[in-house]
Amino acid sequence: MNKTYYELTITLDNNFEEFIADFIANIAGDGVELGKGKIIVRSQSDLTFVKDALVSLEGTLNGTIHMDYTLKEKENVDWIKTYQESIQPIEAGRFYIFPSWYAPKEGLINIKIDPALAFGSGHHATTFSCLEAISIYVKPKDRVIDVGCGSGILGLACKKLGANIELCDTDPLSVESCKENFELNVENYDKLWEGSANKAEGTYDVVIANIIADVLRFIAKDLKSALKEDGYLILSGILDKKEELVKESFKDLTLENRTLKDEWVTLIYKK
């Protein structure tokens, strides 16, 4: 064990904690601890690159999220154990999401995700709402694609329901994290690639995209092209103040359902 470790503390509006923590874990792969209005990242490697990535993200989001940063080098402690003890399983729709140091739960569909490896663990409002939607709209043998798959949790949920699942993400670290989580759950996907929906082949019964609103608008044509007639499109990652902009990009589809959780909107469309 190294004598010191690095600790990056991010203070921000608590409505955005889990969204930013998800982003951090996909690029850092280290322990991410949440507090009220605060995120703490710890690593034995210098975390300056994480801070720089968050500053870049702030600029991309045009001031939607403001963050302050404190980066320190500190004396080493067993923070991994402390972090693991802070993570609790959750129930979302038909699913029970739990880290590997907990036991599965009878009566629910179990998905094992270790947040220390990738934070996409169902705790964020958008992921939670997508899991609820998947519980309703995904059927056995459906052909499903998860665009922007992150940790792979949504694809795993579809696979557990008997669907055929393909996944993609523009972030190579997310692609690797997705592979690891499918292996952790002893499940197989049909295809997984680095990139977006424009590389998809054919059409799908269900298309899932849990991505920020501006990206959803940018790839709207590709998402709609990938969707079968009478298929369902699950969109999430949408801040309520961006909802109307997203709806404008998908107005040629039929809006079947809308959910709002912690200022995050999930929209279900039918083609």
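Residues numbered from 1 in each chain as written. Predicted model: local features only at pLDDT ≥ 70, side-chain atom pairs only at ≥ 80, totals over all residues. Heavy atoms only, no water.

## So, the packing of aromatic side chains
Phase 1: For the coordinates displayed, the defined rule picks out 6 aromatic pairs.
Phase 2: Both rings, one in Tyr137 and one in Tyr232, keep their centres 4.8 Å apart while their planes meet at 50°; by these two values the pair is tilted. A residue pair is termed long-range when its members are at least 10 positions apart, and Tyr137 in helix H4 (residues 125-137) and Tyr232 in strand S12 (residues 227-239) qualify at 95 residues.
Phase 3: When its relative accessible area of 14% is taken as the criterion, Tyr137 is described as buried.
Phase 4: These aromatic residues form a ring-pair network of at least three members: Phe16, Phe19 and Trp264.
Phase 5: Above the plane of the ring of Tyr204 lies Arg143, whose end atom (NZ or CZ) is 4.1 Å from the centre. (Phe/Tyr/Trp six-rings, centres within 6.5 Å; stacked < 30°, edge-to-face > 60°. Helix = DSSP H or I, 4+ residues; strand = E, 2+ residues; numbered from the N terminus. Buried < 20%, exposed > 50% of the residue type's maximum accessible area, 1.4 Å probe, protein only. Lys NZ or Arg CZ within 6 Å of the ring centre and 35° of its normal.)

## Quick word on the pairing of strand S11 (residues 204-210)
Phase 1: Burial runs high along S11: 6 of the 7 residues are buried.
Phase 2: Relative to S11, strand S8 (residues 143-147) runs parallel, the two sharing 4 bridges. Bridge pairing in S11 links Val147 to Ala209.
Phase 3: Taken together, the 6 bridges between S11 and S12 define a ladder with parallel strand orientation. Following the sheet pairing, Val207 is matched in S12 by Leu233. (Pairing = 2+ DSSP bridges.)

## What to know about the side chain of Thr64
Phase 1: With respect to the helices and strands, Thr64 occurs in the loop between helix H2 (48-60) and strand S4 (67-75).
Phase 2: A distance of 2.7 Å separates a polar side-chain atom of Thr64 from the backbone oxygen of Leu61. (Polar contact = N/O pair within 3.5 Å; in protein donor to acceptor, adjacent residues only side chain to side chain.)

## Details of helix H5 (residues 153-160)
Phase 1: Counting buried residues in H5 gives 6 out of 8 residues, a clear majority hidden from the surface.
Phase 2: All of the buried residues along H5 are Ile153, Leu154, Gly155, Leu156, Ala157 and Cys158.
Phase 3: Backbone geometry just downstream of H5 places Gly162 in the positive-phi region, at approximately 95°.

## Quick word on the pattern of salt bridges
Phase 1: Tallying each qualifying case throughout the model produces 15 salt bridges.
Phase 2: Linking Glu33 and Arg42 is a salt bridge whose minimum nitrogen-to-oxygen distance equals 2.7 Å.
Phase 3: The closest approach of N and O atoms between Lys242 and Asp214, which form a salt bridge, is 3.3 Å. Of the two residues, Lys242 is situated in the loop between S12 and helix H9 (243-249) and Asp214 in helix H7 (residues 213-218); the sequence distance between them amounts to 28 residues.
Phase 4: Given a relative accessible area of 18%, Lys242 falls into the buried group.
Phase 5: Among the residues examined, Asp214 registers a relative accessible area of 28% and is labelled partly exposed. (Salt bridge = Lys/Arg side-chain N within 4 Å of Asp/Glu carboxyl O.)

## Thoughts on the confidence of the model for the protein chain
Phase 1: Of the residues in the protein chain, 92% reach a pLDDT of 70 or more, and the chain-wide mean stands at 88.
Phase 2: Below pLDDT 50 for its whole length, residues 116-120 participates in 21 contacts with residues either more than four positions away or in separate chains. (pLDDT = per-residue confidence, 0-100. Contact = heavy atoms within 4.5 Å.)

## Structural notes on the pairing of strand S13 (residues 254-261)
Phase 1: Where S13 and strand S14 (residues 264-270) come together, 7 bridges link them in antiparallel fashion. Residue pairing for S14: Asn257 is matched across the bridge by Ile268.
Phase 2: Counted between consecutive antiparallel strands, the loop separating S13 from S14 contains 2 residues, among which Asp262 sits at a positive phi close to 55°.

## A few points about the nonpolar core
Phase 1: In terms of nonpolar packing, the biggest core is built from 51 residues, with Ile10, Ile20, Ile24, Leu223 and Leu235 touching the most fellow members.
Phase 2: If we skip the residues at most four places from it in the chain, Ile20 touches Leu12, Ile39, Leu54, Leu57, Ile65 and Met67.
Phase 3: One finds Ile90, Phe128, Ile134 and Ile165 within the second-largest nonpolar core, a separate group that totals 34 residues. (Core = buried A, V, L, I, M, F, W, Y, C linked by side-chain atoms within 4.5 Å.)

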